[in-house]
Amino acid sequence: MMKQILTFLSIAFFSATVHSQSYWQQEVNYKINVSLDDKNHILRANEEFEYINNSPNSLDKIYVHLWPNAYRSGKSALGKQLYKNGELELQFAKDEDKGYIDSLDFTSNGSKLKWEYDPTNMDIAVIYFPSPLASGQRITIKTPFKVKLPSGEISRLGHIDQSYQITQWYPKPAVYDRKGWHAIPYLNQGEFYSEYGSFDVTITLPKNYVVGATGDLQTASEMEFLDQLAKKTDKNLTDLMTKKQGRGAKTEFPASDSELKTIRYTQNKVHDFAWFADKRYAVLKGEVELPHSKRKVTSWAMFVPHNTVYWQHAIEYINDGTYYYSLWNGDYPYNQVTAVDGTISAGGGMEYPNVTVIGNSSSKEELEVVIVHEVGHNWFYGILGSNERQHGWMDEGMNTLNEMRYMQTKYPNNTRFSDMVLQGKFHFDGLSHHDMGDISYRALAGFGMDQPIETHSADFTPANYGAIMYQKTGLVFFYLMDYLGEEKFNQACRDYFETWKFKHPYPEDMQRSYETSTGKKLDWLFNDLIQTTNHVDYKIAKVKRDKGANKTFVTVKNVGQVNGPIGINALKDNKLITSAWAEPGKKSTIELQGTDFTQISIDVNKNIPEINRTNNSWKSKGLFKKMEPIKFEFLIGDNESSKTNVFWTPVLAGNAYDKLMIGATFHNMGIPFKPFQYVVTPLFSFGRKNVSGMAELSYTFLPTKVFERSRFGVSIKSFGQKENSNSYLAAVAPYWNAELGNRRSGSPTSHNILVQAIVRRDVFRYTPGEDPIYPEENTQGGIFARYRYAVSLPDHNFSWNVRGDYFTGRQKFDQLGRISTQVTYRYRYMKQKMKRSIEVTAFAAANLRYETQGNLGNRNFLLSMSGARGYQDLFLEEYDFARNATSGFWSQQRSDAMGTFHSTSAFGTTSHWMTTASVYAQLPIKPGFLGYFTDFGAFYDGNSVQSAVNGGLGIRLGNILGVYFPLFRSANMGSLYNNYGKEIRFTLKYNFINKPLNLSNILN
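The notes below deal with the structure included here. Residue positions within a chain follow its written sequence, with the count starting from 1. With the structure being a predicted model, the display of local features is reserved for residues of pLDDT at least 70 and the display and counting of side-chain atom pairs for 80 or more, all residues being used for whole-chain, interface and lining totals. The basis for every side-chain value is the complete set of heavy atoms in the structure, and neither hydrogens nor water enter the calculation.

**Concerning the sheet that holds strand β16 (residues 210–213)**
At step 1: With antiparallel pairing, four strands are arranged side by side in an open sheet as β10-β11-β19-β16. Each edge of the sheet is formed by a strand with only one pairing partner; in this case those strands are β10 (158–160) and β16. Going from strand to strand, the sheet's axes swing by 10° on average, the running direction of each strand aside.
At step 2: In this analysis, strands are considered paired if DSSP registers two or more bridges between them. Segments assigned H or I by DSSP are reported as helices when at least four residues long, segments assigned E as strands when at least two residues long, and all are numbered from the N terminus. Direction of pairing for β16 relative to strand β19 (residues 275–278): antiparallel, over a ladder of four bridges. Following the sheet pairing, Val210 is matched in β19 by Asp278. Every axis in this analysis is a line fitted to C-alpha atoms, fitted for helices over the stretch in contact. Angles between the N-to-C directions lie between 0 and 180 degrees.

Structure follows, in structure tokens:
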């Protein structure tokens, strides 16, 4: 074993040495003079940058970012991304709220350089060198430029009145590294990649502005100005606390001083420069001693007075964050660290070297987390300059890990997540900051909606951007820390930091560094957990106690998709006695000293991001030793790993046959969802004086190929059948539902397969003299398969369903074979304040097999242009108030599962084929639930093809309730106004049972 370890370390050392000898990176050194025109919100500047070619290649051109042009129009990459995510500020911005950079004139040695805009992205330019820049050579390029500052409501650069956030504001060469050029457009979701160098920046602006910026302030008069402000703020802190507080408060802007000042900042070994200016700022100043070098760093907090209640302790947050990040990773290398209070559209805060801007916070606790997180980016982004656009987890995720550590170290018993979720109500209590990441990741993963950590930032869905890139990365490295132990893990973090500070590490560089430091192969983390959506899931397979040897043998089995290490904990009376780790393997047996343990658990502290924790425990007593004790809780809560949670809530329901029903729902659908889910709702029917109700049981599989998720389940229902206490139906409907595709891409398209069978028992009891229309007792059933393709874009939604049904009916020879298809296209024709859509739906169906006796089958198996009545809902897919009604108010309920006519007319029923098309347009008026519809249809009645048209007004309340009032229709559909009340159709979609339980059902 020792020989293998030495061999591994030798190879790793050789690899690292060869790599360090071949590594190179470019260098860019800037001098910028800029002045702020705060009346017109314009920057006027001159820039020169020295570009040093350290690559082994000659370069004939250089790509330059002109990121203010991202704000020029909604057609930029930024505008398109914002619009895709439902943010309309840039797409519909007024000209005065847009931004751009112009007045560019690139020269070198007094000669103009040829340059042009990138044909795809208006915020990228290419500059051609007059002659190739050989390896080792350098060139100095100069240009004037002007920036029209956009509204700060759009993204990171801009202003709110005379509060300025000046970020990504100057012409900036793109990174050229061993993988080529990285000329990237500015995006909101997806950050940056820049070359290291030095900055020498002078800023001219009215004298009474307070500025926080990258770098060391070189202007003595400005340093004195800030020191005096800090003394004044500290002295008047109590008075500031009495001012109006909160989001709605506002500190007025004073008039700008007529006298200007010019201040200068310099900084080496950074890859960006940002500055923030506001005339209202109060200032706090502090100092933090670094843990390793004992060097002193100055800390600054700048904030508007009405936020004093939150910012009064900001220096503490800045200092503590700087200290702990230095302790765990390596000392902060700069002289100052600043946090400023600002309005920022792109998230709660945004980081830049030495300085961070913090958006509005709702509490001091939230402010502390955001300040610590953003200050932490000085390490992960600032000092370790990874490519955030492609490998965002190396920045955001590693920073989130340290944020988790900070909260757990400073506040070991914190309940920060509970405080955020309903203030801990409904059993969301005792949840820590770490639990926030754990639950958010496992909730998405449980739905099969997670993407790999190693996903391009722009390809993440918004939910995954936060839950996966930030939170899951933090969790998996917390897992690594738990496995290695803090001492070894901290050393690995510091080794990585020392090797790669002020450089551009890639994921393979990070893995190599961690493996070299720890002496362990970490493919299970860097390949499985980061590169894929594979899930961790171990279970306790066997526990054997050998009292003679005083040993306990615990066998754990890997039932997940990640072959990682697993931690075993032995407890006695809920107190941790001993722990051990099983190295990566499919099945392992761990030996523990002792036998008097009352509980054996996998990862009792929940430091491993397991997808399923219901199989993690064994108890020495009880009939079911691997089952946690049952805990009943009202309504909903989090699924606790140490309990078998059963949630319950009272239920009132009703229909025309059961009348009022009262009962309760019992379920295990806590957060995050478990693979096995159940919902059981027993109801007492006052109409039938009997039991009704429904239930669903299902199990979700999360395969790694072909399917995003695959769910097998069964639905059970029993309700009244007619106004007779002894008439009822009971049905069992097993199903398989699967989402096809690749979660990695974040594609707007989806593919779904649903296969469902049903066996239903219909019982009818007739009173004397009543004409029986059904056999008193009959069993019927069938199966259908449906494929659904959908595309969801900001203004366009398209879906296509194709379905095949087979059903055997109430009588011996009743058989139905049917094929149908439906296409729906929705276009949002009003996109700004009043969002209004127009929807076009086409439906076609044909009965391929139609065998019936009498008119019984004709009624249930017929196609209907006006949608399916309750008795045509053969698979009990909808909630019908009077399933067998043919007259009266409840008979006007229809489902959209058949024809698309918004009508109750019996015209258009056929046993052959039918096709319909409908247009429904939301009216461009308030309220938004009003719409207009027009329907067209044709059908074959066995003798000829007939057609019809129908139109009127509709009311739609979301996707649940629709009420439709026909105003005109074809004469062959019958008179409309003879008895108008019965012509009004309504649709109710309120049936989660008998549909696979997933996030799309809940959201839609």
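The structure having been displayed, the exposition proceeds.
**Notes on the nonpolar core**
Nonpolar side chains in soluble globular proteins generally cluster together in the buried interior.
At step 1: In this structure, Trp169, Trp275, Trp311, Phe477, Leu480, Tyr514 and Ile600 are the most contacted members of the largest nonpolar core, which totals 167 residues.
At step 2: The contact definition used throughout considers only heavy atoms, calling two residues in contact when any of these lie within 4.5 Å. Excluding residues within four positions of it along the chain, Leu480 makes contact with Phe489, Tyr514, Leu522, Trp524 and Leu525.
At step 3: Formed by 13 residues, the second largest nonpolar core is a distinct cluster that contains Phe784, Phe861, Leu874 and Leu876. Throughout this description, the term nonpolar core refers to a set of buried Ala, Val, Leu, Ile, Met, Phe, Trp, Tyr and Cys residues connected via side-chain atoms within 4.5 Å. Exposure categories follow from relative accessible area, calculated using a 1.4 Å probe and restricted to protein chains: below 20% of the type maximum is buried, above 50% is exposed, and the middle band is partly exposed.

**Quick look at the packing of helix α6 (residues 314–329) against helix α8 (residues 396–410)**
At step 1: Packing of α6 against α8 leaves a shortest axis separation of 10 Å and a crossing angle of 110°. The pairing of α6 with α8 is recorded here as roughly perpendicular in orientation. In the crossing of α6 with α8, the sense of the turn from one axis to the other is right-handed. Facing Glu316, Tyr317, Asp320, Gly321, Tyr324, Tyr325, Trp328 and Asn329 of α6, the residues of α8 in contact are Asn399, Asn402, Glu403, Arg405, Tyr406, Thr409 and Lys410.
At step 2: For the contact of α6 with α8, a count of residues per class yields five nonpolar, five polar and five charged. Orientation labels follow simple angle bins: below 35 degrees gives roughly parallel, above 145 gives roughly antiparallel, 65 to 115 gives roughly perpendicular, and whatever is left gives oblique. With the far helix as reference, a near helix turned anticlockwise by less than a right angle produces a left-handed crossing, and one turned clockwise produces a right-handed crossing. Residues were grouped as follows: Ala, Val, Leu, Ile, Met, Phe, Trp, Tyr, Cys and Pro as nonpolar; Asp, Glu, Lys and Arg as charged; and all remaining residues, including Gly, as polar.

**Digging into the sheet that holds strand β8 (residues 124–133)**
At step 1: With antiparallel pairing, the four strands of this open sheet are ordered in space as β7-β8-β3-β12. Whereas interior strands pair on both sides, the edge strands pair on one side only; in this sheet they are β7 (115–117) and β12 (172–173).
At step 2: Two strands pair when backbone bridges link them, and β7 and β8 are joined in this way by three bridges, in the antiparallel orientation. By the bridge assignment for β8, Trp115 is matched with Ile127.

**Brief notes about helix α13 (residues 507–518)**
At step 1: Here the expected length of a helix is defined as 1.5 Å per residue gap, with one fewer gap than residues. The first and last C-alpha atoms of α13 sit 17 Å apart over twelve residues, in line with the 16 Å expected at 1.5 Å per residue.
At step 2: All of the buried residues in α13 are Pro507, Asp509, Met510, Gln511, Ser513, Tyr514, Glu515 and Thr518.
At step 3: Two residues or fewer after α13 comes Gly519, characterised by a positive phi angle close to 75°.

**Looking at the packing of aromatic side chains**
At step 1: What counts as a ring pair is set by centres within 6.5 Å for rings of Phe, Tyr and Trp (its six-membered ring), and what kind of pair is set by the plane angle: stacked under 30 degrees, edge-to-face over 60, tilted for all other angles. Under the defined criterion, the tally for this structure stands at 70 aromatic pairs.
At step 2: Consider the rings of Phe477 and Phe526, whose centres lie 5.9 Å apart with planes at 75°: the pair is edge-to-face. Of this pair, Phe477 sits in helix α11 (residues 462–484) while Phe526 sits in helix α14 (residues 523–531), placing them 49 residues apart in sequence. The residues Phe477 and Phe526 share a single accessibility class, namely buried.
At step 3: Measuring from ring centre to ring centre gives 5.3 Å for Phe889 and Phe986, while their planes differ by 15°; the resulting arrangement is stacked. Of this pair, Phe889 sits in the loop between β44 (863–864) and β45 (909–910) while Phe986 sits in strand β50 (residues 985–988); the two residues are 97 residues apart in sequence, bridging distant segments of the chain.

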